[in-house]
Amino acid sequence: MTAVTQSRYLVIGLGYLLGEMLSVKFYGVRGSFPSPGSSTSFYGGNTSCVAIYDAESKNTEAVLLDAGTGGFSASKELFDRGVRKLHVLLSHLHLDHIQGLPFMNMLDSLECEVIVYASKEYAPLEDVLAPVMSPPYFPVAPKQRSATLNYLEVSKAFELRGMGLEVVPFPITHSDPALGYRINAENASLVYLTDHQCGSDFHCVSDDLIQWGKGVDLLVHDAQYTSSEFISKSNWGHSTYEFAVDVAEKMQVKELIFFHHDPERSDVELSEIVQGWKAADRNFRISAAREGLVVDMIRPSFAKALNSTSAITQG
Ligand SMILES: [Zn+2]
Ligand SMILES: [Zn+2]
């Protein structure tokens, strides 16, 4: 262990003690539809859901990025941590990003408030979303649930003051209107960019998009297809590994996590693909999201002590 690594873990330890850690936990990493089974059990079969919460757990607010089938266990764990106000930032409304929403236990607690955010393209959001959480698709309508449930259409940056975060939504190219999100803490930042249509040459990224993620610590990016798979699925709204790496390079991120894995991608295949990308010498770390992975991001006063502001631990 190098001196830099030792000091990073020392600072992370201090962060835990003093409640200065922001945790990013993956509850669902799969794209399109769930894929349970022995060949996918390492990375996991649940669809898109990533939580952001204060590691010290004293904060009663948390963020969910999408609410795919991973939202079921995310809601249970966050409720057990004491979270009572949940901000659910939806990238878009495809089933793999909303299917866990009606199954979240926090909707059945009088103590809880759930706020669902999505693109203004879906306004009024309640009219679009509530029917798919109601009979005949789900046995109980949202208005009959115990929690307070609110809907917000967003297009500009806003603050989540209870968490000390700025949320910056930005439009991305997909088969239906979709948003990426940049989350800024004072000295830590991440971009969530799933369901992102790859350019036809694997490299065509708009300058505007690069600016949304410029210099971010952590980029979570759609990486559903290999280049050869992409040939027959080039208009399905997703990215290749090559494209995700190119976006990360252009944004000058510190860390890239492949996300929205193809439902037919086995653990063995995915591990081989990730190892191949890791082998090249780059200025940023590369890994693949898996259920239970926790990335701890260091918040203000501690970040200044280190060159890097994030470190991966296994949850
Ligand atoms: Zn999706
Ligand atoms: Zn989609």
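Sequence order sets the numbering: in each chain, residues are counted from 1 along the sequence as written. All chains are assigned letters beginning at A, and all ligands numbers beginning at 1, according to the order in which they are written. Predicted model: local features are reported for residues with pLDDT of at least 70 only, side-chain atom pairs are reported and counted for 80 or more only, and whole-chain, interface and lining totals are derived from all residues.

Under the annotation held in an unreviewed UniProt entry, the protein chain carries the name Phosphoribosyl 1,2-cyclic phosphodiesterase and is attributed to Ferrithrix thermotolerans DSM 19514.

**Observations regarding the nonpolar core**
To be explicit about the condition: Residues of type Ala, Val, Leu, Ile, Met, Phe, Trp, Tyr and Cys that are buried and joined through C-beta atoms within 7 Å form what is called a nonpolar core. Put simply, a residue is buried when 20 or more other C-beta atoms lie within 10 Å of its own C-beta and exposed when 12 or fewer do; between those, it is partly exposed, and each C-beta is set from the backbone. For the purposes of this entry, the term helix denotes a DSSP run of H or I that reaches at least four residues, the term strand denotes a run of E that reaches at least two, and both are numbered from the N terminus. This entry defines residue contacts through backbone-placed C-beta atoms, with two residues in contact when those atoms are within 7 Å.
Counting 83 residues, the largest nonpolar core has A51, L64, L219 and V220 as its most contacted members. Broken down by element, the residue count for this core peaks at 7 residues, all from helix α7 (residues 241–251). Apart from residues no more than four positions distant in its own chain, L64 is found in contact with C49, A51, G71, A74, L86, V88 and L89.

**Points about the environment of E166**
With respect to the helices and strands, the residue E166 is situated in strand β8 (residues 165–172). The exposure class assigned to E166 is partly exposed, which follows from the 16 C-beta atoms found within 10 Å. Considered as a pair, E166 and A185 are 19 residues apart in the sequence and their alpha carbons are 6.6 Å apart. Aside from chain neighbours lying at most four places away, what touches E166 is A157, E159 and N184.

**Re the sheet that holds strand β12 (residues 255–259)**
To keep it simple, the criterion reads: Strand pairing is assigned whenever DSSP identifies at least 2 bridges connecting the two strands. Throughout, an axis means a line fitted to C-alpha atoms (over the contacting stretch in the case of helices), and angles, computed between N-to-C directions, take values from 0 to 180 degrees.
One open sheet holds the 7 strands; their spatial order is β7-β8-β9-β10-β11-β12-β13, and the pairing between them is mixed. The sheet is open, and its two edges are formed by β7 (158–160) and β13 (285–288), each paired on a single side. Shown here is a sheet whose adjacent strand axes are inclined to one another by a mean of 20°, direction ignored. Sheet topology note: the strand β9 (residues 178–184)/strand β10 (residues 189–193) ladder contains 4 bridges and is antiparallel. Note on β10: the bridge partner recorded for N184 is S189. α7 contacts β11 (218–222) and β12 of the sheet and is inclined by roughly 150° relative to β11. Seen against the sheet, helix α8 (residues 267–279) touches β12 and β13 and runs at an angle of roughly 175° to β13.

**So, unusual backbone geometry**
Residue P124 is reached from A123 by a cis peptide bond, and omega for that bond is -10°. Here P124 lies in the loop between β5 (113–119) and α4 (125–129). Residue P135 is joined to P136 through a cis peptide bond whose omega torsion reads 10°. Within the secondary structure layout, P136 lies in the loop between α4 and β6 (148–154). Phi is positive for D195, which is not a glycine, with a value near 50°. Of note, D195 is situated in the loop between β10 and α5 (207–212).

**Re helix α2 (residues 71–80)**
What sets the pattern is the α-helix's 3.6 residues per turn: residues three or four places apart point alike. Buried residues of α2: G71, F72, S73, A74, S75 and L78, and no others. Each element contacted by the buried residues of α2 is listed here: β1 (21–28), β2 (49–54), β3 (61–65) and β4 (85–89). Two residues or fewer past α2, G82 is found with a positive phi of approximately 105°.

**Observations concerning the pairing of β10**
Burial analysis of β10 places 5 of its 5 residues in the buried class, the great majority of the element. The loop that links β9 with its antiparallel partner β10 comprises 4 residues.

**What about the pairing of β3?**
Summarising burial for β3: 5 of the 5 residues are buried, a large majority. Where burial is concerned, the two faces of β3 agree: the one with E61, V63 and L65 and the one with A62 and L64 are both buried. Here β2 runs beside β3; their pairing, made up of 3 bridges, is antiparallel. Within the sheet, the bridge partner assigned to A51 lies in β3 and is L64. When β3 meets β4, the two strands line up parallel, connected through 5 bridges. Paired with L65 across the bridge in β4 is L89.

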